[in-house]
Amino acid sequence: IDRLRADWPDDWAAILLANNARPPFTLRVNRQRLTRIEYLELLSQHSMSAAAVPHAAQAVCLDKPVAVSALPGFTRGDVSVQDAAAQLAAGLLDLATGQRVLDACAAPGGKTSHILETEPSVQLTAVDIDAVRLRRVTSNLARLTLQADLVEGDAGTPADWWDGRQYQRILLDVPCSGTGVIRRHPDIKLLRRADDIDALAGRQAAILDAMWPLLAPGGMLLYCTCSVLKAENSGQVGSFIARHGDAGEVLIDAAWGRGCTHGRQIFPGENQMDGFYFACVRKNS
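In this report, we go over the structure that sits alongside the text. (Residues numbered from 1 in each chain as written. Predicted model: local features only at pLDDT ≥ 70, side-chain atom pairs only at ≥ 80, totals over all residues. Heavy atoms only, no water.)

**Some remarks on the sheet that holds strand β2 (residues 50-52)**
Thought 1: Taken in spatial order, the 4 strands of this open sheet run β2-β3-β1-β4, and their pairing is antiparallel. Bordering the open sheet on either side are β2 and β4 (79-81), each of which pairs with just one other strand. Along the sheet, successive strands turn relative to each other by an average axial angle of 30°, direction set aside.
Thought 2: Pairing between strand β1 (residues 25-29) and strand β3 (residues 59-62): 4 bridges, direction antiparallel. When the sheet's bridge partners are listed, Arg28 is paired in β3 with Ala59.
Thought 3: Strand contacts of helix α5 (residues 110-118): β1 and β4, with the helix running at about 35° to β1, the strand carrying the most contacts. (Pairing = 2+ DSSP bridges. Helix = DSSP H or I, 4+ residues; strand = E, 2+ residues; numbered from the N terminus. Axes fitted to C-alpha atoms, helices over the stretch in contact; angles between N-to-C directions. Contact = heavy atoms within 4.5 Å.)

In structure tokens, the structure reads:
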């Protein structure tokens, strides 16, 4: 609470209230199979009330949550469960045919699969340090009949797994405090400690520095967290750009969230979204 009050003096109380609210049940429609309008009609045929979510082109929010087994078309890959804010990542990557793309902290695979649904022709490598969680990526891709190269490895030590070929796009959804998703994981309020934040910020900086050599000149890295703390977000990106002379921010022109000194911040509850932060950084040629 002290950190929130310091970072967002006009908004900290609203953030706390939003993090105590029941989270929405949001889906991502697989654009390779059907449109959002078509899936809303399918839900209506099954007497499930839902509406499109602003700003996320494939997002649908159900009025009442249901078991995924009850969702029409779930098993055949028509739809996935994913918060609307997380669905913004694929669009921000500015994907194009044939690009080499790295999802560096991939599990459980929501953004991995969304990248492939958005641009199926990319050569996607998905890396995660946790073998058990990586199996969830495998199962998600299998349900959606998508293909990626899955690698068990630490984003902080790419020398252990990287083949030396640079990527045109890197998605870096780093380990963070989770302070933007407490409504989905209320145990954070019991388990997180004040000194965790500085340790996480140090880990994030190390991963950013380790990933930078993997990005090709002219390529773009998308940094994101599900945090609302500036030490993990705008402060982190500002420090990174200051350390790397070949790094330049790409401004995000969007109607969602709010602009920060670097990147863009979404508060929990905004347009039914979780709390998320995004920043785009290009490697200058």
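Text resumes after the structure shown.
**Some words on the pairing of strand β8 (residues 167-173)**
Thought 1: In terms of burial, β8 is a largely internal element, 6 of the 7 residues being buried.
Thought 2: Where strand β5 (residues 100-103) lies against β8, 3 bridges are found, and the strand directions are parallel. The residue bridging Leu102 from the neighbouring strand is Ile170, located in β8.
Thought 3: Pairing analysis gives 6 bridges linking β8 to strand β9 (residues 215-225), with the strands arranged parallel. Bridging from a neighbouring strand, Asp173 pairs with Cys224 of β9. (Buried < 20%, exposed > 50% of the residue type's maximum accessible area, 1.4 Å probe, protein only.)

**Considering unusual backbone geometry**
A negative phi angle is the norm for most residues apart from glycine, just as the trans form is the norm for most peptide bonds.
Thought 1: For the bond from Ala107 to Pro108, the omega torsion is 5°, close enough to zero to count as cis.
Thought 2: Here the phi dihedral of Ser47 falls at roughly 60°; this positive angle occurs in a residue that is not glycine.
Thought 3: Its place among the elements puts Ser47 in the loop between α3 (36-45) and β2.
Thought 4: For Asn271, which is not a glycine, the phi torsion comes out positive at approximately 50°.
Thought 5: The class for Asn271 is partly exposed, based on a relative accessible area of 31%.

**Details of the pattern of salt bridges**
Thought 1: Evaluation of the coordinates by the stated rule reveals 15 salt bridges.
Thought 2: For Asp274, the salt bridge identified is with Arg183, shortest N-O distance 2.9 Å. With Asp274 in the loop between β12 (264-266) and β13 (276-283) and Arg183 in the loop between β8 and α7 (188-191), this pair connects stretches of sequence that are 91 residues apart. For the pair formed by Asp274 and Arg183, the shared burial category is buried.
Thought 3: Put simply, Asp196 and Arg192 hold a salt bridge, and the shortest N to O gap is 3.6 Å.
Thought 4: Salt bridges here are not isolated pairs; linked through shared partners, they connect Asp83, Arg183, Arg184 and Asp274. (Salt bridge = Lys/Arg side-chain N within 4 Å of Asp/Glu carboxyl O.)

**Observations concerning helix α2 (residues 12-19)**
Thought 1: Looking at α2, one finds that the buried residues are Ile15, Ala18 and Asn19. Take α2 and look down its axis: the buried residues cluster within an arc of 95°, on one side only.
Thought 2: Among the structural elements, α1 (2-7) are those in contact with the buried residues of α2. (Arc of directions from axis to C-beta.)

**Examining the packing of aromatic side chains**
Thought 1: Evaluation of the coordinates by the stated rule reveals 5 aromatic pairs.
Thought 2: Measuring from ring centre to ring centre gives 4.9 Å for Trp8 and Phe267, while their planes differ by 80°; the resulting arrangement is edge-to-face. Residue Trp8 is found in the loop between α1 and α2, and its partner Phe267 is found in the loop between β12 and β13; the two are separated by 259 residues along the sequence.
Thought 3: By relative accessible area, which is 8% here, Trp8 ends up buried. (Phe/Tyr/Trp six-rings, centres within 6.5 Å; stacked < 30°, edge-to-face > 60°.)

**A closer look at helix α9 (residues 234-243)**
Thought 1: Those residues of α9 that fall on the buried side of the exposure criterion are Ser234, Gln236, Val237, Gly238, Phe240 and Ile241.
Thought 2: Tucked into the core, α9 has its buried residues touching α8 (196-211), β9, β10 (247-250) and β13.

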